[in-house]
Each structure stands twice: as structure tokens, then as C-alpha cells.
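Chain and residue survey
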Amino acid sequence: MPIMDVRYAAGTLDAAAKADLAARLTDVLIRMEGGANTPGGRAFAWVFFTAFATDDWWIGGHTDGTYVTGPGKFLVNVFIPEGYMNVTHKNEVHAWVAEAIAGATGCADPAGSLLTVINEVTEGNWGDGGQPISLESIAKTVGQDGGPRPAWSRAYFEAKARAMAAAGYPSDTGGMLPSLRSRLQKAAPAEPA
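Note that the coordinates shown come from a computational prediction; the quantities given were computed from them, not determined experimentally. (Residues numbered from 1 in each chain as written. Predicted model: local features only at pLDDT ≥ 70, side-chain atom pairs only at ≥ 80, totals over all residues. Heavy atoms only, no water.)

Brief notes about the overall build of the protein
From N to C terminus, the protein includes six helices and six strands. When the helices and strands of the protein are read in sequence order from the N terminus, they spell out β-α-α-β-β-α-β-β-β-α-α-α. Projecting the C-alpha coordinates of the protein onto the three principal axes gives extents of approximately 60 × 40 × 30 Å. Out of the 193 residues belonging to the protein, those deemed buried represent 38%. Excluding contacts between residues fewer than 6 apart, the proportion of contacts in the protein whose partners are at least 24 apart in sequence is 70%. Per element, the accessible surface of the protein, about 9900 Å² overall, is 55% carbon and sulfur. Here the protein carries 15 positive and 20 negative side-chain charges, and the mean point of each set is 7 Å from the other. (Helix = DSSP H or I, 4+ residues; strand = E, 2+ residues; numbered from the N terminus. Buried < 20%, exposed > 50% of the residue type's maximum accessible area, 1.4 Å probe, protein only. Contact = heavy atoms within 4.5 Å. Areas by Shrake-Rupley, 256 points an atom, 1.4 Å probe, with all protein chains shown as cover. Lys, Arg positive; Asp, Glu negative; His and termini not counted. Charge placed at Lys NZ, Arg CZ, Asp CG, Glu CD.)

Okay, here's the thing in C-alpha cells:
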């Protein structure tokens with residue numbers, strides 16, 4: 001369930017460039033899901049755009065292009081579930097976002113004008129229709145519940161469960177895959193009355 005929130009300087013993208021960038025970033029989101037080009041995968045591929053007026057975006061104490069190169073000012077916040085990506089996957093996302101912006105703006109190299117921030121949302125903090133959804137349920141919905149990425153995520157959460165149990169976290173602590181919560185319940189000290 002990755003989400004991209006694209007903030008850009010007003011006037012940088014016209015309607016055609018914005019549509020092109022949205023299509024490119026949707027493709028990035030699908031690649032991030034391990035190639036989940038399925039109806040479920042596409043339903044989770046959200047891209048938001050917010051244009052900021054020139055006098056609302058300051059870099060280095062200036063609102064002009066003094067400290068900006070390339071196509072203009074871009075900040076892309078990428079939200080992913082915790083434990084979803086290793087370092088290699090995150091590095092790919094940084095490169096793919098830069099490629100998408102370069103392609104949509106016609107700029108060969110957006111370095112100096114683009115910041116990408118990957119935000120990991122703690123397990124249990126995603127919700128849909130008023131109900132929490134887990135990384136496990138997202139993987140099933142997008143058709144990616146097998147293979148190396150879910151195996152890596154599982155190993156991440158198993159290590160987290162061991163660490164949390166060893167540290168005596170309460171059994172109802174969030175941030176754990178539903179299938180691994182029982183490990184905390186077995187290891188947790190008795191709850192106070």
C-alpha cells in the first residue's frame with residue numbers, strides 16, 4: 001500500500017506533465033509492490049499532487065532558484081508499510097522517482113531539485129474503511145503473498161517479535177504482524193490487574 005505525496009513549485013507542471021508524472025509514479029508504485037500490476041495492486045497505488053506558491057517554498061532562505069537546479073522544486077513523500085523494503089529496495093525507489101520526474105519534466109538530472117523521503121508506517125497503523133489492515137493482508141490483496149519480499153518482511157517481523165518479547169513489551173503492543181502477535185502473548189509478563 002505505498003502512497004506518493006508529490007509537492008512541487010506551482011508552474012513547474014502543466015496538466016499534461018502532471019498526468020505523465022502520475023502515470024510514471026503509478027508504474028513506480030506497481031514496481032514497488034513487486035510488479036503487482038493487478039486490480040488490487042493498482043487500487044493501492046495512490047499519487048497526490050500539491051502545488052506550492054513560489055513565496056510559500058523557501059530553500060536556503062530564498063524562494064527563487066538560488067539553491068535549486070533542474071526542473072524546479074520537488075518533494076516526494078513515499079509512505080510504505082514498516083518492514084516492507086530492505087535497503088536495496090529503498091535505493092531503487094529513490095532512483096525510480098528521480099527517473100520519473102526527469103522523464104516527465106524533460107530534465108536529464110533532477111539532482112539538486114528533488115528530495116525523496118521514504119516514510120515507514122508502523123504495522124497496524126494502516127486502515128481501510130475503518131478497519132486496520134496488515135502488511136500480510138496487503139500482500140494477499142495485491143497478489144504478492146509469496147516470494148522473496150514477503151519472506152524478507154516475515155524475517156524482519158520475526159526478529160522484531162523476538163526483540164520485543166525479550167524486552168518484555170506488553171502483549172497488546174502494536175507494530176506486529178497479526179500472525180506473530182501470539183509470540184508476544186506467550187513471552188509477555190502477566191498484565192497488571
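Structure's up, so let's keep going.
Thoughts on the sheet that holds strand β1 (residues 3-9)
Picture the strands of a sheet paired through backbone hydrogen bonds; they go either parallel or antiparallel. With respect to topology, four strands assemble into an open sheet ordered β2-β1-β3-β4, the strand pairing being mixed. The open sheet has two free edges, formed respectively by β2 (46-52) and β4 (114-121), since each of these has just one partner strand. For this sheet, the mean angle separating the axes of adjacent strands, direction not counted, is 15 degrees. Bridge count for strand β3 (residues 74-81) against β4 is eight bridges, and the pairing is parallel. Its bridge partner lying in β4, Phe-79 is registered against Asn-119. (Pairing = 2+ DSSP bridges. Axes fitted to C-alpha atoms, helices over the stretch in contact; angles between N-to-C directions.)

Points about the nonpolar core
Met-4, Leu-21, Met-32, Phe-74, Val-76 and Val-97 are the most contacted members of the largest nonpolar core, which has 32 residues in total. When contributions to this core are tallied by element, the ones reaching two or more residues are β1, α1 (15-32), β3, α3 (87-105) and α5 (148-166). A per-element tally of this core places α1 first, with seven residues. In terms of nonpolar packing, the next biggest core, distinct from the first, is built from eight residues, Ile-3, Phe-44, Ile-138 and Val-142 among them. (Core = buried A, V, L, I, M, F, W, Y, C linked by side-chain atoms within 4.5 Å.)

With respect to the side chain of Asp-5
Looking at where Asp-5 falls in the secondary structure, it is placed in strand β1. Classification of Asp-5 by relative accessible area gives buried; the value is 11%. Excluding anything up to four places from it in sequence, Asp-5 contacts Phe-48, Thr-50, Leu-75, Val-76, Asn-77 and Phe-79.

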